[in-house]
Each structure stands twice: as structure tokens, then as C-alpha cells.
Amino acid sequence: SSGIHNLEPLETTISDMERFKDSAKFELNCPNCSHLFPFGGIIASNFYKMCYNGVQCKNCDHVFNMIQFTSQLESVIRSHISLYYAGWLYCDDSTCRNVTRQISVFGKRCLNDGCTGVMQFKYTDKQLYNQLLYFNSLFDMEKNKKQLLKPLYYEGDIDYPSEQLAESAILALTEQNRKLFEISQGVIDKYLDNCGRRYVDMGAIFDFMMN
Ligand SMILES: [Zn+2]
Ligand SMILES: [Zn+2]
């Protein structure tokens, strides 16, 4: 057998499984049959398969063209950025957990009667940055070839795929989809650059990535 079960121990300090454990999945919507399913790179899935020219919906056999794929990617990124800007806050007192929208005149103190908690951003700049790094990882040629991606499914999950991909198929499909992956990473990089420059304290990222 092959696939994720035969991986050698990771050399890196932290695996994508751990680094992106809280990242939201990239959900694709089939333009032909409207099925919604998570995309996790070149992996086994009951809902899609990679073919030589892109992502194919297993429900209706439609193959996403380049624009159908990258426009959905861009739309998902924008929805995360909107969520970040929406500025939801939550109270850090576990007995309170007051959630509120950021208002123009805002103190960090929780406004619930008698609560001494401090309001924290629900979607932090670090989470957003990490979310974009997760999307970026899905189109990383090396990570796909070595199957170092964060798994979408674990054994026992209801959607755990019944058939795994052969290593040779993974290698071939990665090369065949090089253009799709490069263009997708280009889409993400545009936002990653902005995010990195404008919103994120690099020291904090470094600390976050290394812990
Ligand atoms: Zn479909
Ligand atoms: Zn509170």
C-alpha cells in the first residue's frame, strides 16, 4: 500500500496537520451540479478526483476549468478577509464568552454586568495569515508529491475515502496540474503579500509559527 500511512517522520519542526489544525477547509462548489465539497490538494476523496487537466466532480464528472477554479479560490479568500474586517470580538472569560461586533468607541473591557473579562478579536490577523498559508499549501507541488498536506479525512470519518491514491499517480497528477497550481498560488500570494505587509507584526508571526 502507499499514501499517507507510509510517510517517514517529518523533518520540519511542525507538520501542516498541526500548523493548520484550526484552518477552515477550502470548499468548492461544482458549477455544473452545485455539489459542495472540500478540496484538499491531490488526495483521495469521495467527492472529487484530480485528473490531468484539473479538478473533476465525482457527482457529475464536470471538470472545473481554470477560471471556475481560481475564481472560487479568490472568492473564499475574500470571504475570510471580510470576516477578519467584520471585527467580531469575544470575551476571554470562559464563564461569559460574550460575543460582539467591534464598535467605533470601544474599550477592551467586557460590557456584561459584573464581568472582568477582556474582549479579544475572534478572527486575528495571525489566524487570517495562517489561513492563507493553508490555502497556499494546497497548491505546493512538493507537499502534494510527498503527501505532507493536512489531511481532510481521518480513518473512521464518515467521508473517509474507500480508495487511496497510488504514489505514481500523485506524482504524475502534480506535474500535469502544475499550471493550475502556479496560478492558484499566484492568486493567494497577492493577498498573502498584503496581509504580511499591512496587518501582521512579523515578530508575532515568527513566534506563532515556531511555537
Ligand atoms: Zn458536479
Ligand atoms: Zn465578559
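All values reported here derive from a predicted model rather than from experimental measurement. (Residues numbered from 1 in each chain as written. Chains lettered and ligands numbered in written order. Predicted model: local features only at pLDDT ≥ 70, side-chain atom pairs only at ≥ 80, totals over all residues. Heavy atoms only, no water.)

**Focus on the overall build of the protein**
And then number 1: Across its full length, the protein carries seven helices and seven strands.
And then number 2: Counted from the first residue to the last, the protein has its helices and strands arranged as α-β-β-β-β-α-β-β-β-α-α-α-α-α.
And then number 3: With 211 residues in all, the protein has 41% of them scored as buried.
And then number 4: Put simply, 68% of the contacts in the protein that link residues at least 6 apart link residues at least 24 apart. (Helix = DSSP H or I, 4+ residues; strand = E, 2+ residues; numbered from the N terminus. Buried < 20%, exposed > 50% of the residue type's maximum accessible area, 1.4 Å probe, protein only. Contact = heavy atoms within 4.5 Å.)

**Things to note about the confidence of the model for the protein**
And then number 1: Overall, the prediction assigns the protein a mean pLDDT of 85, with 83% of residues at 70 or greater.
And then number 2: Note that pLDDT drops below 50 for residues 1–11; the model gives that stretch 13 contacts with residues more than four away or on any other chain. (pLDDT = per-residue confidence, 0-100.)

**Observations concerning the coordination of the zinc ion (ligand 1)**
And then number 1: Here the zinc ion (ligand 1) is held by Cys30 (SG), Cys33 (SG), Cys57 (SG) and Cys60 (SG), and the distances to it run 2.3 to 2.4 Å.
And then number 2: Coordination at the zinc ion (ligand 1) comes from four donor atoms whose angles at the metal span 104 to 114 degrees, giving a geometry best classed as tetrahedral.
And then number 3: Going along the chain, you hit the donors of the zinc ion (ligand 1) in the pattern C-x2-C-x23-C-x2-C.
And then number 4: For cysteine 30, a relative accessible area of 2% corresponds to the buried category.
And then number 5: Given the relative accessible area of 24%, cysteine 33 is considered partly exposed. (Donors = N, O, S within 2.8 Å, 3.2 Å for Na, K, Ca; no water. Tetrahedral: all angles 85-135°; square planar, octahedral: opposite > 155°, others 65-115°.)

**Quick look at the pattern of salt bridges**
And then number 1: Within this structure, the stated rule accounts for eight salt bridges.
And then number 2: Among the ionic pairs, glutamate 74 bridges to lysine 190, the shortest N-O distance being 3.2 Å. Separated by 116 residues along the polypeptide, glutamate 74 in helix 2 (residues 66–86) and lysine 190 in helix 6 (residues 178–199) bring together distant segments of the chain.
And then number 3: Of the residues examined, glutamate 74 reaches a relative accessible area of 19% and is grouped as buried.
And then number 4: On the basis of relative accessible area, lysine 190 is assigned to the partly exposed category, the value being 46%.
And then number 5: Between arginine 178 and glutamate 182 there is a salt bridge, with its nearest N and O atoms 3.6 Å apart. (Salt bridge = Lys/Arg side-chain N within 4 Å of Asp/Glu carboxyl O.)

**As for the coordination of the zinc ion (ligand 2)**
Coordination angles at a metal have ideal targets, namely 109.5 degrees for four tetrahedral donors and 90 or 180 degrees for six octahedral donors.
And then number 1: Within the protein, the zinc ion (ligand 2) binds to Cys91 (SG), Cys96 (SG), Cys110 (SG) and Cys115 (SG); these donor distances fall in the range 2.3 Å.
And then number 2: Every donor counted, the four donor atoms about the zinc ion (ligand 2) form angles of 103 to 112 degrees at the centre, which fits tetrahedral coordination.
And then number 3: Judged by relative accessible area, which is 21%, cysteine 96 ranks as partly exposed.
And then number 4: Of the residues examined, cysteine 110 reaches a relative accessible area of 0% and is grouped as buried.

**Points about the pairing of strand 1 (residues 26–29)**
And then number 1: Here strand 1 shows one buried face, formed by Phe26 and Leu28, and one open face, formed by Glu27 and Asn29.
And then number 2: By the bridge criterion, four bridges tie strand 1 to strand 2 (residues 36–39) in an arrangement that is antiparallel. Across the sheet, phenylalanine 26 pairs through a bridge with phenylalanine 39, a residue of strand 2.
And then number 3: Between the end of strand 1 and the start of strand 2, which pair antiparallel, lie six residues, with serine 34 showing a positive phi angle near 70 degrees. (Pairing = 2+ DSSP bridges.)

**As for the sheet that holds strand 7 (residues 119–121)**
And then number 1: Reading across from one edge, 6-5-7 is the order of the three strands in this open sheet, with antiparallel pairing throughout. Each end of this open sheet is capped by a strand with a single partner; those strands are strand 6 (99–101) and strand 7. Direction aside, the axes of adjacent strands within the sheet are offset by 35 degrees on average.
And then number 2: Two strands pair when backbone bridges link them, and strand 5 (residues 88–91) and strand 7 are joined in this way by three bridges, in the antiparallel orientation. Bridge pairing in strand 7 links cysteine 91 to methionine 119. (Axes fitted to C-alpha atoms, helices over the stretch in contact; angles between N-to-C directions.)

**Let's talk about the packing of helix 2 against helix 3 (residues 125–138)**
And then number 1: Across the interface, helix 2 lies against helix 3 with an axial gap of 10 Å and an inter-helix angle of 170 degrees. Relative to helix 3, the element helix 2 lies roughly antiparallel. Between helix 2 and helix 3, the residues in contact are Val76, Ile77, His80, Ile81 and Tyr84 and Asp125, Leu128, Gln131, Leu132 and Phe135, respectively.
And then number 2: Looking at the contact of helix 2 with helix 3, its residues break down into seven nonpolar, two polar and one charged. (Parallel < 35°, antiparallel > 145°, perpendicular 65-115°, else oblique. Nonpolar A, V, L, I, M, F, W, Y, C, P; charged D, E, K, R; others polar.)

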